[in-house]
Amino acid sequence: MANMSIPEFERNLSPAQVEVLDKRRRWGLVFQVVAGQFAFFAVLLLLWTGQDLTYSPGWVHPMFYFNVLMGLVAVVFGLYGTYLRRGQVHEY
């Protein structure tokens with residue numbers, strides 16, 4: 001009898017397909033962890049970003065640009081990791 005607690009498209013997968021699905025989900029978790037680390041350090045950089053925006057002259061705000069970059073990287077890694085963790089594999 002099929003396991004009714006998993007989605008229907010996963011109930012009849014071959015062992016090779018299950019392995020591909022598990023590998024994809026592991027990579028998704030790795031990307032989510034990396035996103036969390038980038039987000040954590042982006043929050044820590046907020047102090048330096050505030051100083052940079054206050055005291056740096058003109059358009060020279062390297063910490064602000066670095067913080068924006070870290071935030072974008074965190075969002076991209078988080079979204080892609082979540083996409084991979086969903087588990088729907090359509091490569092068959």
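Residues numbered from 1 in each chain as written. Predicted model: local features only at pLDDT ≥ 70, side-chain atom pairs only at ≥ 80, totals over all residues. Heavy atoms only, no water.

Here we come to the confidence of the model for the chain. Mean pLDDT over the chain stands at 87; residues scoring 70 or higher make up 91%. Summarising per-element confidence for the chain, the mean pLDDT is lowest in helix H2 (residues 46–55) (90) and highest in helix H3 (residues 62–86) (94). (pLDDT = per-residue confidence, 0-100. Helix = DSSP H or I, 4+ residues; strand = E, 2+ residues; numbered from the N terminus.)

Moving on, we come to the environment of Ala39. Turning to its location among the elements, Ala39 is positioned in helix H1 (residues 15–44). Note on Ala39: relative accessible area 33%, which makes it partly exposed. Linking Ala39 and Asn67, residues 28 residues apart in sequence, is a C-alpha distance of 9.6 Å. (Buried < 20%, exposed > 50% of the residue type's maximum accessible area, 1.4 Å probe, protein only.)

On to the packing of aromatic side chains, then. One pass over the structure, following the stated rule, counts seven aromatic pairs. Ring geometry for Trp27 and Phe31: centres 6.0 Å apart, planes at 40 degrees, overall tilted. With Trp27 and Phe31 both in helix H1 and four residues apart, this pair spans about one turn of that helix. With 5.3 Å between their ring centres and 75 degrees between their planes, Phe40 and Phe41 make a pair best called edge-to-face. (Phe/Tyr/Trp six-rings, centres within 6.5 Å; stacked < 30°, edge-to-face > 60°.)

To continue, consider the packing of H1 against H2. Between H1 and H2, whose axes approach to 4 Å, the crossing angle comes to 45 degrees. On the basis of the axis angle, H1 is oblique to H2. Note on element contacts: H2 touches H1 through Leu46, Leu47 and Trp48, opposite Ala42, Val43 and Leu44. Grouping the constituent residues of the contact of H1 with H2 by class yields six nonpolar, no polar and no charged. (Axes fitted to C-alpha atoms, helices over the stretch in contact; angles between N-to-C directions. Parallel < 35°, antiparallel > 145°, perpendicular 65-115°, else oblique. Contact = heavy atoms within 4.5 Å. Nonpolar A, V, L, I, M, F, W, Y, C, P; charged D, E, K, R; others polar.)

For H3, which comprises 25 residues, the first-to-last C-alpha distance of 36 Å matches the rise-based estimate of 36 Å (1.5 Å per residue) to within 8%. Among all positions of H3, only Asn67, Met70, Ala74, Gly78, Gly81 and Leu84 are buried. Buried positions along H3 lie against H1 and H2. (Expected span 1.5 Å × (residues − 1).)

Examined against the element boundaries, Tyr65 turns out to sit in helix H3. Residue classification places Tyr65 among the partly exposed residues on the basis of a relative accessible area of 41%. For Tyr65 and Tyr83, which are 18 residues apart along the polypeptide, the C-alpha to C-alpha distance reads 27 Å.

What follows is about a nonpolar patch on the surface. There is a patch of nonpolar side chains on the surface, built from Phe40, Phe41 and Leu44 and spanning about 310 Å² of accessible area. Within the fold, Phe41 resides in helix H1. Of the residues examined, Phe41 reaches a relative accessible area of 45% and is grouped as partly exposed. (Patch = residues over 30% accessible without salt bridge, like charges linked within 9 Å, V, L, I, M, F, W, Y side chains within 5 Å. Areas by Shrake-Rupley, 256 points an atom, 1.4 Å probe, with all protein chains shown as cover. Salt bridge = Lys/Arg side-chain N within 4 Å of Asp/Glu carboxyl O.)

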